[in-house]
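The chain contents come next:
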Amino acid sequence: MDVGQVSEIIDGYTAWVQDYLDSGWKVYFLTFQFNHLGMHKRVAVLTMQRELERFYRTLLTRLIRRPARASQQNRLPLLIGVPDSPVNKHQSTATLADIRPNMGIHFHAILAIPRKSRLKCKLSRHIKQHEPIYLGIDGKLAKIHVRRVRQLEDRIVDYSFK
């Protein structure tokens, strides 16, 4: 895939996320960090992807009552997750302990949830209050960082897909 194609894909996702913002949905940028999985890179990424799917399933019923109903299909949250590897930066806020597990691979995600949901507090607070549920019992997921996105000026989608 060449740079032009990647740029088109990022522009498409950016427009999609902007549509959700314009429709009044709440959009978040999430970072999922993992404990050491002790696996080949490809298997580790697949394991991480399954953890994001588990996170989504867990969050889903806390946002939408009976999400399998046809009447709820247009209210289902959107989660777009992308694996990310650390890159050389002049200044990094990551500690060695943060980047060392799994060769530094982690996931970034964009999450869009409808303005009206069952959630009665900020998403970051909800996840913090129920952290053991979201991190899971098997110890694979170490941290979930949540940041609200109110506008796309900061190219958050581009950063997610870097």
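Parameters at a glance
Residues numbered from 1 in each chain as written. Predicted model: local features only at pLDDT ≥ 70, side-chain atom pairs only at ≥ 80, totals over all residues. Heavy atoms only, no water. Helix = DSSP H or I, 4+ residues; strand = E, 2+ residues; numbered from the N terminus. Contact = heavy atoms within 4.5 Å. Salt bridge = Lys/Arg side-chain N within 4 Å of Asp/Glu carboxyl O. Buried < 20%, exposed > 50% of the residue type's maximum accessible area, 1.4 Å probe, protein only. Pairing = 2+ DSSP bridges. Core = buried A, V, L, I, M, F, W, Y, C linked by side-chain atoms within 4.5 Å. Patch = residues over 30% accessible without salt bridge, like charges linked within 9 Å, V, L, I, M, F, W, Y side chains within 5 Å. Areas by Shrake-Rupley, 256 points an atom, 1.4 Å probe, with all protein chains shown as cover. Lys, Arg positive; Asp, Glu negative; His and termini not counted. Charge placed at Lys NZ, Arg CZ, Asp CG, Glu CD.

Asker: Explanation requested: the overall build of the protein chain in the structure shown.
Answerer: Secondary structure assignment for the protein chain yields 6 helices and 4 strands. When the helices and strands of the protein chain are placed in sequence order, the string is α-β-α-β-α-β-α-α-β-α. A fraction of 76% describes how many contacts in the protein chain between residues 6 or more apart in sequence connect residues 24 or more apart.

Asker: Would you mind showing me how to read the pattern of salt bridges here?
Answerer: A side chain with one charge can pair with a side chain of the opposite charge if their charged atoms come near. Inspection of the entire model under this criterion finds 3 salt bridges. In this structure, Glu 51 and Arg 54 form a salt bridge, with 2.9 Å as the shortest nitrogen-oxygen distance. Here Glu 51 and its partner Arg 54 are both found in helix 2 (residues 41–63), 3 residues apart, which amounts to about one turn of the helix. When sorted by exposure, Glu 51 lands in the same class as Arg 54, which is buried. For the salt bridge of Asp 138 with Lys 140, the shortest nitrogen-to-oxygen distance reads 3.5 Å. In this structure Lys 140 comes out as partly exposed when scored by relative accessible area, which is 25%.

Asker: Teacher, can you tell me more about the pairing of strand 1 (residues 26–34) here?
Answerer: Along any regular strand, the residues point their side chains to alternate faces of the sheet. Counted residue by residue, strand 1 has 7 buried out of 9 residues, so it is predominantly covered. Of the pairings in the sheet, the one linking strand 1 to strand 3 (residues 106–113) comprises 7 bridges and is antiparallel in character. Residue pairing across strands places Thr 31 opposite His 108, the latter belonging to strand 3. In this structure, strand 1 lies alongside strand 4 (residues 141–149), joined through 8 bridges in antiparallel fashion. Note that in strand 4 the partner of Tyr 28 across the bridge is Arg 148.

Asker: How do you make sense of the nonpolar core when you look at a structure like this?
Answerer: Within soluble globular proteins, side chains that are nonpolar tend to cluster in buried spots. In terms of nonpolar packing, the biggest core is built from 26 residues, with Leu 30, Phe 32, Phe 55, Leu 123 and Ile 144 touching the most fellow members. At the level of secondary structure, the elements contributing two or more residues to this core comprise strand 1, helix 2, strand 3, helix 4 (123–129), helix 5 (131–135) and strand 4. Residue contributions to this core peak at 7 residues, all from helix 2. Contact partners of Leu 30, with chain neighbours within four places excluded, come to Phe 55, Phe 107, His 108, Ala 109, Leu 111, Ile 144, His 145 and Val 146. Judged by nonpolar contacts, the second largest core, of 12 residues, contains Val 17, Leu 21, Val 149 and Leu 152.

Asker: Looking at this structure, how should I read the environment of Lys 122?
Answerer: One can find Lys 122 in the loop between strand 3 and helix 4. Among the residues examined, Lys 122 registers a relative accessible area of 64% and is labelled exposed. Taking the C-alpha atoms as reference points, Lys 122 and Arg 148, separated by 26 residues in sequence, lie 9.3 Å from one another.

Asker: Looking at this structure, I do not really get a positive patch on the surface. What am I missing?
Answerer: Judged by side-chain charge, Arg 62, Arg 65, Arg 66, Arg 69, Arg 118 and Lys 120 come together as a positively charged surface patch. With respect to the secondary-structure elements, Arg 65 resides in the loop between helix 2 and strand 2 (78–84).

By themselves, these are just geometric observations and shouldn't be taken as functional.
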